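Coordinate inspection notes
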Amino acid sequence: MIIDNLVVNAIKKELSHSILNYRIDKIFQIGKYDFLLTLFNRGVKMSLIISLNPNIYRLHLTGNQYKDSKQLSSFCLQLKKNLESGTIVEIKQINFDRILSFKIENLDNVRDPIIFYLIVELTGKYSNLILTDENNKILGSYKQIDETQNEERQILVGTKYCPITNKQNKLDLNDLSKEKFASLIQKYPTLSLKKFLINCFTGISSHTCTLLFDDLPISLESEQKLDSILQIPLKNFPENLLDQIFIQLSQFSETIREDNIFLKFTEINNLLSFKLDTKISEVSKVLDKYYFNLESQNVFNNLKSEQKKVINKNIEKINNKLLIQQNILESS
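Here we look at helix α7 (residues 239-257)
With 19 residues, α7 extends 27 Å between its outermost C-alpha atoms, agreeing within 8% with the 27 Å of an ideal straight helix rising 1.5 Å per residue. Those residues of α7 that sit buried are Leu-241, Leu-242, Ile-245, Phe-246, Gln-248, Leu-249, Phe-252, Ser-253 and Ile-256. Each buried residue of α7 lies within a common arc of 160° when the element is viewed along its axis, so the set occupies one face. Among the exposed residues of α7, those pointing more than 90 degrees away from its buried face are Glu-239 and Arg-257. Check the buried side of α7 and you find it contacts α1 (5-18), α3 (178-187), α4 (193-200) and α5 (206-212). Asp-259 sits one or two residues past α7 and shows a positive phi near 50°.

A short note on the packing of aromatic side chains
Applying the stated rule across the entire model yields eight aromatic pairs. On the numbers, 5.6 Å between centres and 55° between planes, the contact of Phe-265 with Phe-274 is tilted. When sorted by exposure, Phe-265 lands in the same class as Phe-274, which is buried. Each ring, one from Tyr-290 and one from Tyr-291, has its centre 5.1 Å from the other, and the planes form 80°; the classification is edge-to-face.

Comments concerning the layout of surface pockets
Looking at the largest pocket, its volume works out to about 1,400 Å³. Surrounding the largest pocket, 39 residues form its lining, Asp-97, Arg-98, Thr-123, Ile-164 and Lys-170 being those nearest its centre. Looking at the lining of the largest pocket element by element, the count peaks at three residues for strand β11 (residues 271-277). No other element matches helix α8 (residues 283-331), which puts six residues into the lining of the second largest pocket. Residues that form the lining of the second largest pocket fall into these classes: six nonpolar, six polar and four charged.

Conventions adopted
- Residues numbered from 1 in each chain as written.
- Predicted model: local features only at pLDDT ≥ 70, side-chain atom pairs only at ≥ 80, totals over all residues.
- Heavy atoms only, no water.
- Helix = DSSP H or I, 4+ residues; strand = E, 2+ residues; numbered from the N terminus.
- Expected span 1.5 Å × (residues − 1).
- Buried < 20%, exposed > 50% of the residue type's maximum accessible area, 1.4 Å probe, protein only.
- Arc of directions from axis to C-beta.
- Contact = heavy atoms within 4.5 Å.
- Phe/Tyr/Trp six-rings, centres within 6.5 Å; stacked < 30°, edge-to-face > 60°.
- 1 Å grid on protein atoms, 1.4 Å probe; cavity = no way out; pocket = protein on both sides within 12 Å on 5 of 7 lines; lining within 4 Å.
- Points joined across faces, edges and corners; volume = space filled by probe spheres on them.
- Nonpolar A, V, L, I, M, F, W, Y, C, P; charged D, E, K, R; others polar.

In structure tokens:
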């Protein structure tokens, strides 16, 4: 399952209801990509896992036990120094993107209040964890990005943190209007509905397209299934159907503004998916179980692969010895 904008929004909602005003007790690095925060409030303990693994990046509460890797990076030491004993007072999703910002209140060396922000960017192989001060000045990060890697956005100590830029100049759904929608259709008439939605609007993933238009009224000449509808070029849509698409997008935009999006997760045949719902669901419980099983399976597969390599190498070695012995026997 891909962690998209909607999933991050659902995680933000759940965490805002469950860990606000919790104190960060300990921070551990439990793997190359993984961090674990233990949280306390009035005798209740919770654990928050942050994984920057490019294949299974995620953030959620966890009930599973993890071992401290004992190999602390300098960045993890910096997190421990600044954030341990701090209190999480606010959680925000930045620009309805796959970015969560944790506002943390702590005390400095002379016991004066100080503010930090822990920013989690769940963006696939570019996933990052960034620590800033109250003025958004970067104090440290898991990955450092200089101008040779990205001319538009650097993640370096001392620079000001800027969210991920909208390189494709996608339209923010908050700025959607009938005129702009019509203009985009005229500009990209050969794009399929799915590519049009993903390429032209922020906050819309492939799965979101399916969620928003699974009940799209079909009024084309021939009946089409949903996946076919999403692949049809815009120029083939009648005016009334384009109007319905605009209405759906406008309603979705309003739902985002009201922060009223909720998801229901289901797992079928080891694949996790979600649908729109009307209430807060236990996102962490679902993600925790799914990714723990996935990680366990990955560990097993890696061990299996390593053992097969060892076995095949020994078989090859023994076959070579056998061939040598056969040659000696024939010569004798």
